[in-house]
Amino acid sequence: MLANAFLLALREIRRNLTRAFLTVLGIIIGVSAVITMVTLGRGTTKAVQSQISSLGSNLLMLRPGAGFGPRASSAGVPLFGQEDVEAIANQIHGLAGAVPTRNSSLSTIYRQNARSTGIVGTWPGYFKINNWTLAKGQLFSEADLRVGKAVCVIGETVRREMFGTDEAIGEKLRIGRSTVEVIGILAAKGQSGMGDSDDTIVVPLTTLERRLVGRTSSNTVNSIAISAADGVDTTELITDITSLMRQRRNLQPNQDNNFNIFDTRQLAETLSSSTRMMTSLLAAVAGVSLLVGGIGIMNIMLVSVTERTREIGIRLAIGARAKEVLLQFLVEAVTLSCIGGLIGILLALALCNIIAPLIQVPTQFYPNINLIAFAFSAAVGILFGYAPARRAASLNPIDALRHE
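Attention here is on the structure that accompanies the text.

### Points about the overall build of the protein chain
The number of helices and strands found in the protein chain is 13 helices and 12 strands. Its C-alpha atoms give the protein chain a radius of gyration of 33 Å, more than 25% over the compact-globule value 22 Å for 404 residues. Considered along the principal axes of its C-alpha atoms, the protein chain spans approximately 105 × 55 × 35 Å. A sequence separation of at least 24 residues applies to 79% of the contacts in the protein chain between residues at least 6 apart. Total accessible area on the protein chain is roughly 20400 Å²; 57% of this is exposed by carbon and sulfur atoms.

Below, the structure is given as C-alpha cells:
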C-alpha cells in the first residue's frame with residue numbers, strides 16, 4: 001500500500017512539476033540554509049582555533065601595561081629585563097619554557113627591494129614556544145645568541161617580497177644600518193587575528209641590541225612568551241606569575257598590576273564558544289524558512305484536495321477506505337518535502353564549496369547535520385500534510401461525486 005501511494009504521489013508531482021517546485025522551494029531554501037550555516041560555522045570555529053594555536057602551544061604572553069586593546073594603558077610602565085625571564089623560568093613550576101621578545105620595525109633592503117619589516121629579538125627557544133617550524137636552512141643557536149652573531153631567520157612573506165624566486169639562504173639583508181645573513185626560512189603560518197604572522201624577521205636578542213637598535217637600559221624586553229607544560233592548569237600559573245612579577249616590580253598591596261598576562265587557550269575557548277553560539281542562532285533563524293515551506297506545502301495540498309475531490313469520491317465509492325486516502329495524500333506531502341530536502345542538501349554542498357574558499361575557512365561534509373536536516377524536512381511534510389490528508393479522508397463519497 002505504501003509503494004502504491006508513493007507511485008501515485010510521484011505521478012501527481014510529475015503532472016504539475018512547476019507547482020511542485022514552487023511548493024518545495026521553501027523547504028529547499030530552509031534545508032540548504034541550515035546546512036550551510038552549520039557547516040560554515042563549524043569551519044569558522046576550526047579556523048579560529050587553528051589561528052590561536054598557531055600563536056603557540058599553551059602560550060601565555062606577559063606584557064607591560066594594564067591590558068590589551070586601544071584602551072590599554074602602558075605609558076610610563078617599565079619594560080621587563082632578561083632577569084625577569086630567568087626568574088620566571090627558575091621559580092615557576094610547570095613551564096615548558098620562557099623567552100623574552102623585543103620588537104622593532106626597521107627598513108629592510110635587499111638589492112633594489114626595500115620595505116619596513118617587524119623585527120623580533122629573542123632567544124632560540126622562541127621558535128618552539130610559538131609553534132614555528134623550519135621550512136629551509138637552520139635556526140640560530142645559543143652560541144649565536146652569546147656572541148650576537150649577525151644572522152636572522154625570516155618568515156615566508158619576507159622571503160617572497162624581498163627575494164622572489166631567488167635563493168634566500170646565505171644572502172645578506174640590510175636591516176637599518178647593519179647587515180645580517182639569512183640562515184633560515186620559517187614555514188608559513190598565514191594570516192591571524194594579529195596580522196600577517198609570516199611578515200617577520202627573527203634575530204638573536206643580543207644581535208638586535210648590539211647591532212640594530214641598541215640598548216639604553218637593562219629593561220628592554222617588550223614581552224615574555226611563556227609556554228605551559230602539557231596538563232598544567234594555566235590559571236594557577238597565571239596566579240604564580242602574577243605574584244612573582246608583583247614582587248619583582250615592587251608593587252604594594254594597594255597598587256594595581258602594571259603588567260598583564262594573556263592566555264591564548266582561554267581566548268581560543270571564548271572565541272570558539274561565541275562562534276558556536278552564533279552558528280546555532282543563525283541555524284535556528286534559517287530553520288524558520290522550513291516552517292514557511294511547510295505552510296506552503298499545506299496550502300498546495302489543500303488546493304490539490306479541492307481539485308481532486310471527484311477522484312477521491314470515486315475511490316471511496318468503489319471501496320477505498322478513509323485511511324488509504326489519508327495515507328495517499330500524506331505520502332504525497334512527505335514525498336514533496338523529501339525531494340525538497342534532497343535538493344536542499346545538494347544546494348548546501350555547492351554553496352559551502354563556493355563560500356568557504358572566499359572566507360578562508362575549512363569545510364567538510366558532516367553526515368549528522370545533513371541527516372538531521374533531511375529528517376526535519378520529512379517531519380515538516382508529515383506535520384503540515386496531515387491536515388489536508390485528513391480533510392481528503394473525511395469527505396463524503398456522495399458529496400465528493402457531485403463536486404464539479
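### Examining the packing of aromatic side chains
Inspection of the entire model under this criterion finds 3 aromatic pairs. Centre to centre, the rings of Tyr 110 and Phe 163 are 4.3 Å apart; their planes meet at 50°, and the pair counts as tilted. Within this pair, whereas Tyr 110 is found in strand 2 (residues 95-110), its partner Phe 163 is found in helix 6 (residues 156-163), the two being separated by 53 residues in sequence. A relative accessible area of 5% means that Tyr 110 is categorised as buried. Between Phe 127 and Phe 140, the aromatic rings sit 5.3 Å apart at their centres with planes inclined by 65°, giving edge-to-face as the arrangement. Within this pair, whereas Phe 127 is found in helix 4 (residues 126-129), its partner Phe 140 is found in the loop between strand 4 (134-137) and helix 5 (142-147), the two being separated by 13 residues in sequence. Note on accessibility: Phe 127 and Phe 140 belong to one class, buried. Grouping aromatic residues by their ring pairs yields a cluster made of Tyr 126, Phe 127 and Phe 140.

### Here's the deal with the nonpolar core
With 39 residues, the main nonpolar core has Leu 62, Ile 88, Phe 127, Ile 224, Ile 226 and Ile 241 as its most contacted residues. Looking at this core element by element, the count peaks at 5 residues for helix 8 (residues 234-248). In contact with Ile 241, other than residues within four places in its own chain, are Leu 60, Leu 62, Ile 88, Ile 92, Ile 226 and Ile 261. Residues Ile 13, Leu 316, Ala 389 and Ala 392 belong to the second largest nonpolar core, which totals 33 residues.

### Examining empty space enclosed by the protein
Scanning all chains against the criterion turns up 1 cavity of 30 Å³ or more. Computed from the structure, the largest cavity encloses a volume of approximately 110 Å³. Glu 12, Ile 13, Asn 16, Arg 19, Ala 20, Thr 23, Ile 300, Met 301, Ser 304, Arg 308, Glu 332 and Leu 336 are the residues that line the largest cavity. Secondary-structure elements contributing two or more residues to the lining of the largest cavity are helix 1 (2-15), helix 2 (17-55), helix 9 (264-307) and helix 11 (322-359).

### So, a nonpolar patch on the surface
A cluster of nonpolar residues, Phe 21, Leu 22, Leu 25 and Ile 29, forms a patch on the protein surface that exposes about 370 Å² of accessible area. Within the secondary structure layout, Leu 25 lies in helix 2. Here Leu 25 falls in the partly exposed class, since its relative accessible area comes to 32%.

### Let's talk about the pairing of strand 11 (residues 223-228)
Of all 6 residues in strand 11, 6 are buried, a share of seventy percent or more. Judged by which residues are buried, strand 11 turns out to be covered on both faces: Ser 223, Ala 225 and Ser 227 on one side and Ile 224, Ile 226 and Ala 228 on the other are all buried. Direction of pairing for strand 1 (residues 59-64) relative to strand 11: antiparallel, over a ladder of 4 bridges. Bridge assignment links Leu 60 to a residue of strand 11, and that residue is Ile 226. Relative to strand 11, strand 2 runs antiparallel, the two sharing 6 bridges. By the bridge assignment for strand 11, Leu 95 is matched with Ala 228.

### Observations concerning the environment of Asn 58
Its location among the elements puts Asn 58 in the loop between helix 2 and strand 1. Every residue in contact with Asn 58, bar those within four places of it in the chain, is listed here: Ile 226, Ser 227, Ala 228, Ala 229, Asp 230, Thr 264 and Arg 265.

### Some words on the side chain of Thr 207
For Thr 207, the position within the fold is in helix 7 (residues 205-212). Those residues in contact with Thr 207 that lie beyond four places of it in its chain are Gly 148, Lys 149, Ala 150 and Leu 212.

### Re the packing of helix 10 (residues 309-317) against helix 11
It is at 10 Å that the axes of helix 10 and helix 11 come closest, and there the two elements cross at 145°. Helix-helix and strand crossings are classified by hand; for helix 10 and helix 11 the assignment is right-handed. For the pair helix 10 and helix 11, the contacting residues are Glu 311, Ile 312, Arg 315 and Leu 316 in the first and Ala 322, Val 325, Gln 328 and Phe 329 in the second. For the contact of helix 10 with helix 11, the class distribution of residues is 5 nonpolar, 1 polar and 2 charged.

### Section: the pattern of salt bridges
Summed over the entire model, instances satisfying the criterion amount to 7 salt bridges. With its nearest N and O atoms 3.5 Å apart, the salt bridge here joins Arg 111 to Asp 166. On the criterion of sequence distance, the pair formed by Arg 111 in the loop between strand 2 and strand 3 (113-122) and Asp 166 in the loop between helix 6 and strand 6 (172-175) is long-range, its members being 55 residues apart. Across the salt bridge formed by Glu 181 and Lys 172, the nearest N and O atoms sit 3.9 Å from each other. Using a relative accessible area of 27% as the deciding quantity, one classes Glu 181 as partly exposed.

### Some points on the packing of helix 11 against helix 12 (residues 367-393)
It is the contact of helix 11 with helix 12, at a shortest axis distance of 7 Å, that shows an interaxial angle of 150°. For the element pair helix 11 / helix 12, the angle class is roughly antiparallel. For the element pair helix 11 and helix 12, the recorded crossing hand is right-handed. Looking at the contact of helix 11 with helix 12 residue by residue, the class counts come to 18 nonpolar, 6 polar and 1 charged.

Conventions adopted
Residue numbers here run from 1 along each chain, matching the order of that chain's written sequence. Owing to the predicted nature of the model, reporting of local features is limited to residues with pLDDT of at least 70; listing and counting of side-chain atom pairs is limited to 80 or more, with chain, interface and lining totals taken over all residues. Here the side-chain values reflect all heavy atoms present in the structure, with hydrogen atoms and water set aside. Here a helix means four or more residues in a row that DSSP labels H or I, a strand means two or more in a row labelled E, and each is numbered from the N terminus. The globule rule used for comparison is 2.2 Å times the number of residues to the exponent 0.38, while the radius of gyration itself is calculated over C-alpha atoms. Contact criterion: two residues are considered in contact whenever any of their non-hydrogen atoms come within 4.5 Å of each other. Residue-level accessible areas treat just the shown protein chains as cover; the underlying method is Shrake-Rupley with a 1.4 Å probe. To pair, rings of Phe, Tyr and Trp, with the six-membered ring standing in for Trp, must have centres within 6.5 Å; the planes then decide the type, stacked if under 30 degrees apart, edge-to-face if over 60, and tilted in the middle. Burial here depends on accessible area, computed with a 1.4 Å probe over protein chains only, as a share of the maximum for the residue type. Under 20% is buried, over 50% is exposed, and the range in between is partly exposed. Residues belong to a common nonpolar core when they are buried Ala, Val, Leu, Ile, Met, Phe, Trp, Tyr or Cys residues joined through side-chain atoms within 4.5 Å. For each structure, a 1 Å grid was placed over the protein atoms alone; sets of points admitting a 1.4 Å probe that cannot get out are labelled cavities, open sets with protein on both sides within 12 Å along at least five of seven lines are labelled pockets, and lining residues have an atom within 4 Å of a point. Grid points are joined across faces, edges and corners, and a volume is the space filled by probe spheres set on the points. A patch consists of residues whose relative accessible area exceeds 30% and which take part in no salt bridge; residues with like charges are grouped when within 9 Å of each other, and nonpolar side chains (Val, Leu, Ile, Met, Phe, Trp, Tyr) when within 5 Å. Salt bridges, as used here, are contacts in which a Lys or Arg side-chain nitrogen is within 4 Å of a carboxyl oxygen on Asp or Glu. Only strands joined by at least two bridges in the DSSP assignment are considered to pair. Angular values range over 0 to 180 degrees, each being the angle between N-to-C directions of two axes fitted as lines to C-alpha atoms, with helices fitted over their stretch in contact. Note: crossing handedness is left-handed where the near helix turns anticlockwise from the far helix by less than a right angle, and right-handed where it turns clockwise. Three classes are used: nonpolar for Ala, Val, Leu, Ile, Met, Phe, Trp, Tyr, Cys and Pro, charged for Asp, Glu, Lys and Arg, and polar for all others, with Gly counted as polar. Any angle that falls under 35 degrees is termed roughly parallel, while one over 145 is termed roughly antiparallel, one within 65 to 115 roughly perpendicular, and all others oblique.

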